[in-house]
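Results of the structural survey
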Amino acid sequence: MGHVPPLPLMVPEYSTHLSHAESCALEAFPREGTTNEPMDATLLIQKKTPMCFLGIVRLNEIGSDPKDCYLFSRTDRRKSAIMTKNCNNDYKLKFSLEEEYPDLSQHNNHMAKVLTKDIYNKLRSKQTPSGFTLDDCIQTGVDNPGHPFIMTVGCVAGDEESYEVFKELFDPVISDRHGGYKPTDKHHTDLNWENLKGGDDLDPNYVQSSRVRTGRSIKGFTLPTTNSRGERRAVEKLSIEALNSLDGEFKGKYYPLKDMTDKEQEQLIADHFLFDKPVSPLLLAAGMARDWPDARGIWHNDNKTFLVWVNEEDHLRVISMQKGGNMKEVFKRFCVGLQKIEDVFKKHNHGFMWNEHLGFILTCPSNLGTGLRGGVHVKLPKLSTHAKFEEILTRLRLQKRGTGGVDTASVGGVFDISNADRLGSSEVQQVQLVVDGVKLMIEMEKKLEKGESIDDMIPAQK
Amino acid sequence: MALSSQHGCLSMNPRLLENQCKVDAIMPFGNTHNQLKMNYTAEQEYPDLSKHNNHMAKVLTPEMYANLRDKQTPSGFTLDDVIQTGVDNPGHPFIMTVGCVAGDEETYEVFKDLLDPVIEDRHGGYKPTDKHKTDLNPDNLQGGDDLDPNYVLSSRVRTGRSIRGFCLPPHCSRGERRGIEGLSVEALGALDGDLKGKYYALKDMTEEEQQQLIDDHFLFDKPVSPLLLASGMARDWPDARGIWHNDNKTFLVWVNEEDHLRVISMQKGGNMKEVFNRFCTGLTKIEELFKEKGHEFMWNEHLGYVLTCPSNLGTGLRGGVHVKLPNVSKHEKFGEILKRLRLQKRGTGGVDTAAVGGVFDISNADRLGFSEVELVQMVVDGVKLLVDMEKCLEAGQSIDDLMPEQK
């Protein structure tokens, strides 16, 4: 097999303004090290989407092979064209659809419900500009047929373009997961904490702690499922810079996982801050634990109320938390901190991945939109055993988990209650649902304690 | 028509293309994801191996990484694919792990610069110019039919085989894996006599069948070892994985576990000769059946049988016994004796386990540079000696004069 060095070409800025099917002449500069002579070429734009445009560059040089084909990603900061060939994927194309289509007969996850042979056939030859393929998206769902506590998503993104290139898979998964969200819907982002009503007075006799978390992806890098060590380290470096620039109540320190002393580790465990190498097969199968613990770390402020995880399941996980029931304060810190961090990243031309349809772009489709999970650890021993507990949660658009996190069961009647939605409602709306819903559930708990009925308190569907 | 949706990067409107240029999008090269990493320097991409203790980590210098990182095999296996398991698993308490795997037959060629020194380190100084001898003639084994069954509980010989033309378990697609299963089931289905048997696909197994296979100690489960998981061998489990065994339950083949095929001959007691006989006969028959269908095993005269893990190159053979050595195993020279006999100890649960109740799994340490007969001979002779030593120690006698030379 002959090896022709790929030519990353510098595409001029104006080419992004070309309309569908227009062409422009440009100069193509081959990769450094081969030759520095620019070559005349014609760029033919074929297709445009919000995140990338597809074009062909044909070198005009006489005798040159006109068989060059490139995909341009708008998100690539250097506007360079990358060869869009994926050897391994093409190798697989030798096998028929029947031979390659996964056996999903035992499966119960969103991907398995959606991925027909037809869709698989359509998408199997595609890839994103970074080389992420359909099989890469679905591997975690193929390897993990189903989860006892929760309907898993079963597919992940490798980069921002995944949601575009594999639309036929992701759109129905997103619709199914996010309450019928349509491909044409727009998502509203609202990180103005002042828009939250109340939330500063949840009863601390019941509410042990309050917490809001979200994720952010840094534009221009691929996601934890597929990123290389170089990329991950670059994300870490940028993150440290951004976080070290914070001051006031946000002033803090970064602890890289691989340099942590035993003492620091013990303290972080005691504070419930430390994240460990993933053991969940859902995450392992998606490739998120590669090269552990390289370029992973934890940053937190001196007050221990604002915490950032670097390179775990997303580029960044941002967490605001404190004991007790003052969700308003937690949310305020959350919004203010996030804004400050984003400002620093923007200065480096690496803003967060976001678009008006999907909101914040994250690794798992379940976290699209706000990526926000806001919740409390709350004592509900009586309410949780009530026949209508599930119904109440559904109507309040809330979700319960054990206090150990997503894969755990509850202990001692204490539940983690949080918003169920991520996409289609704003941050403020979602935290409002938590605040109002938890307030109601505590009142119900108190009633049940007194032996009274809660039938007249059952809420309408929100 | 310029483009078909079967090939090329993204599907495009063929009519537009026809007007503007005839583009054959079947690109002969390129691994997009690997190329993306070229945007970072070798230093930025080089793994942190400072806490690592495996063969790959000992060998992979930054220069080597820089030289190999833009390469790939014809099926698209890259350097990072080769080493991922070694990066993710810094070291093992019981055993020096290899830390790299092959994705296809060509891996050993394309990444020679890495794998040759790993092979040399792992296989006692085996040089890139050395030739490996294959000998599967059981008549060449001397003795081995009389290991004392009061000590030797069971005897077993296993090896692996890869089917040429397919990618290996870290890299193969579902289509390939199913292809291997299909071919294997066909080949095994043609065995007869005392090798006649039945195939149990993992995904179609009934509870009853599963319980029986567990009782027989035949069932292999989805890998849990992080060494295997990190290399991608558990993908799509249990699709196209299965177990075949003969009616007598003395000959067993695992399909699509850590290698395309793992072939195992075993029985209770100490008649290693019979075990090895069956092993050789069965293997030879299987190879013939594959050849009849136009498929051969991956083999070359330098590396012998080509398998997923570099540690299994050559014969891929691990022949051994479960043997009671409560006294010898506590002797201060136990480690030294094993070394001189070119033997290795494991717990009775397999490679990642510890011994229980003084019963050890004793097997040949070598794989490459010795033939199958030579390796099993070492086991037979070595275990015979160890059992003699055990009896001596039981009788309160010294074993100093029984100490063997370095083989």
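Rules behind the numbers
Residues numbered from 1 in each chain as written. Chains lettered and ligands numbered in written order. Predicted model: local features only at pLDDT ≥ 70, side-chain atom pairs only at ≥ 80, totals over all residues. Heavy atoms only, no water. Phe/Tyr/Trp six-rings, centres within 6.5 Å; stacked < 30°, edge-to-face > 60°. Helix = DSSP H or I, 4+ residues; strand = E, 2+ residues; numbered from the N terminus. Buried < 20%, exposed > 50% of the residue type's maximum accessible area, 1.4 Å probe, protein only. Pairing = 2+ DSSP bridges. Contact = heavy atoms within 4.5 Å. Polar contact = N/O pair within 3.5 Å; in protein donor to acceptor, adjacent residues only side chain to side chain. Core = buried A, V, L, I, M, F, W, Y, C linked by side-chain atoms within 4.5 Å. Axes fitted to C-alpha atoms, helices over the stretch in contact; angles between N-to-C directions. pLDDT = per-residue confidence, 0-100. Salt bridge = Lys/Arg side-chain N within 4 Å of Asp/Glu carboxyl O. Arc of directions from axis to C-beta.

Residues and elements named next belong to chain A. Applying the stated rule across the entire model yields 16 aromatic pairs over all chains. Judged by centre distance (5.1 Å) and plane angle (80 degrees), the ring pair of Phe250 and Phe306 falls under edge-to-face. Here Phe250 is found in the loop between α8 (229-244) and β7 (252-256), whereas its partner Phe306 is found in strand β9 (residues 306-310), with 56 residues between them in sequence. As far as the burial class goes, Phe250 and Phe306 line up, both buried. Seen from their ring centres, Phe275 and Trp292 are 5.9 Å apart, and the 85 degrees between their planes marks the pair as edge-to-face. With a gap of 17 residues between them, Phe275 in the loop between α9 (262-270) and α10 (281-285) and Trp292 in the loop between α10 and β8 (297-301) connect regions that are remote in the sequence. By the burial criterion, Phe275 is buried, and Trp292 matches it. In this structure an aromatic cluster arises from ring pairing among Phe250, Trp299 and Phe306.

Okay, the pairing of strand β10 (residues 359-364) of chain B next. Residue and element names in this part refer to chain B. Most of β10 is tucked away: 6 of the 6 residues are buried. Of the strand pairs in this sheet, strand β8 (residues 318-324) and β10 are connected by 5 bridges, and their pairing is antiparallel. Following the sheet pairing, Val323 is matched in β10 by Phe360. Bridge analysis of strand β9 (residues 343-346) against β10 gives 4 bridges, and the strand direction is antiparallel. Paired with Gln344 across the bridge in β10 is Ser363.

Once that is clear, we can look at the environment of Ser384 of chain A. Residue and element names in this part refer to chain A. Checked against the element boundaries, Ser384 lands in the loop between β13 (373-379) and α12 (389-396). Linking Ser384 and Lys400, residues 16 residues apart in sequence, is a C-alpha distance of 9.7 Å. If sequence neighbours within four positions are ignored, Ser384 has contacts with Phe389 and Phe415. Side-chain polar atoms of Ser384 contact the backbone oxygen of Leu380, separated by 2.6 Å.

Attention now moves to the nonpolar core. With 58 residues, the main nonpolar core has Val253, Met272, Ile362 and Leu386 of chain B as its most contacted residues. At 12 residues, helix α14 (residues 372-394) of chain B tops the list of elements feeding residues into this core. In this structure Leu386 of chain B touches Leu325, Val328, Phe334, Ile337, Leu338, Leu341, Leu343 and Ile362 of chain B, once residues within four positions along its chain are discounted. With 57 residues, the next largest nonpolar core counts Ile218, Leu243, Ile392 and Val435 of chain A among its residues.

Further remarks concern the sheet that holds β10 of chain B. All names here are of chain B. Within the open sheet, the 8 strands sit side by side as β2-β3-β4-β5-β1-β8-β10-β9. Their pairing is antiparallel. Across the chains shown, the open sheet's two edge strands, defined by having one partner strand only, are β2 (197-201) and β9. Each strand of the sheet is rotated relative to its neighbour by a mean of 20 degrees, with strand direction disregarded. Note that strand β4 (residues 251-255) and strand β5 (residues 261-268) share 5 bridges and pair antiparallel. Residue pairing for β5: Phe251 is matched across the bridge by Ser265.

All names here are of chain A. For chain A, the mean per-residue pLDDT works out to 84, and 80% of the residues sit at or above 70. In this model, residues 1-22 is a region of pLDDT below 50 whose contacts with residues beyond four sequence positions or in other chains number 68 contacts. Low pLDDT, under 50, characterises residues 26-36; the predicted model gives this stretch 31 contacts beyond four residues in sequence or across chains.

Looking now at the side chain of Glu312 of chain A. You can see Glu312 of chain A is positioned in the loop between β9 and β10 (316-323). For Glu312 of chain A, the contacting residues outside a window of four places in its chain are Pro224, Phe275, Trp292 and Arg317 of chain A.

Inspection of the entire model under this criterion finds 50 salt bridges over all chains. With a shortest N-O distance of 3.5 Å, Glu313 of chain A and Arg317 of chain A are connected by a salt bridge. Here Glu313 of chain A and Arg317 of chain A have matching classes, each one buried. Several salt bridges share partner residues, and in doing so they unite Lys92 and Asp135 of chain A together with Arg174, Arg177 and Asp236 of chain B into one network.

What follows deals with helix α13 (residues 334-341) of chain B. All names here are of chain B. Along α13, the residues that are buried comprise Phe334, Ile337, Leu338 and Leu341. The buried residues of α13 occupy one face: seen down the axis, they fall within an arc of 95 degrees. Summarising the contacts, the buried residues of α13 are in contact with β9, β10 and α14. At the C-terminal side of α13, Arg342 shows a positive phi close to 60 degrees.

So, on to the sheet that holds strand β14 (residues 398-401) of chain A. All names here are of chain A. Pairing in this open sheet of 8 strands is antiparallel, and the strands run β7-β8-β9-β10-β6-β13-β15-β14 from one edge to the other. Two strands lie at the open edges of the sheet, namely β7 and β14, each paired on one side alone. Strand-to-strand, the axes of this sheet are offset by a mean angle of 20 degrees, without reference to chain direction. Pairing analysis gives 5 bridges linking β7 to β8, with the strands arranged antiparallel. By the bridge assignment for β8, Pro256 is matched with Gly297. Sitting on the sheet, α12 is in contact with β14 and β15 (414-419), with an inclination near 130 degrees to β14.

On to unusual backbone geometry, then. Glycine aside, negative phi is the norm for most residues, and most peptide bonds take the trans geometry. Residue and element names in this part refer to chain A. Residue Trp292 is joined to Pro293 through a cis peptide bond whose omega torsion reads 0 degrees. Its place among the elements puts Pro293 in the loop between α10 and β8. Residues other than glycine seldom take positive phi values, yet Ala295 does so here, at roughly 60 degrees. Considering the arrangement of structural elements, one finds Ala295 in the loop between α10 and β8. Positive phi, close to 60 degrees, is recorded for Asn349, a residue that is not glycine. Assignment of secondary structure puts Asn349 in the loop between α11 (327-347) and β11 (354-355).

This part takes up the side chain of Ser231 of chain B. All names here are of chain B. Mapped onto the elements of the fold, Ser231 is located in the loop between α11 (226-230) and β3 (242-246). Reaching out from Ser231, the side chain makes a polar contact with the backbone oxygen of Leu228 at a distance of 2.8 Å. Ignoring any residue separated from it by four or fewer positions in sequence, one finds Ser231 in contact with Thr85, Val101 and Pro170.

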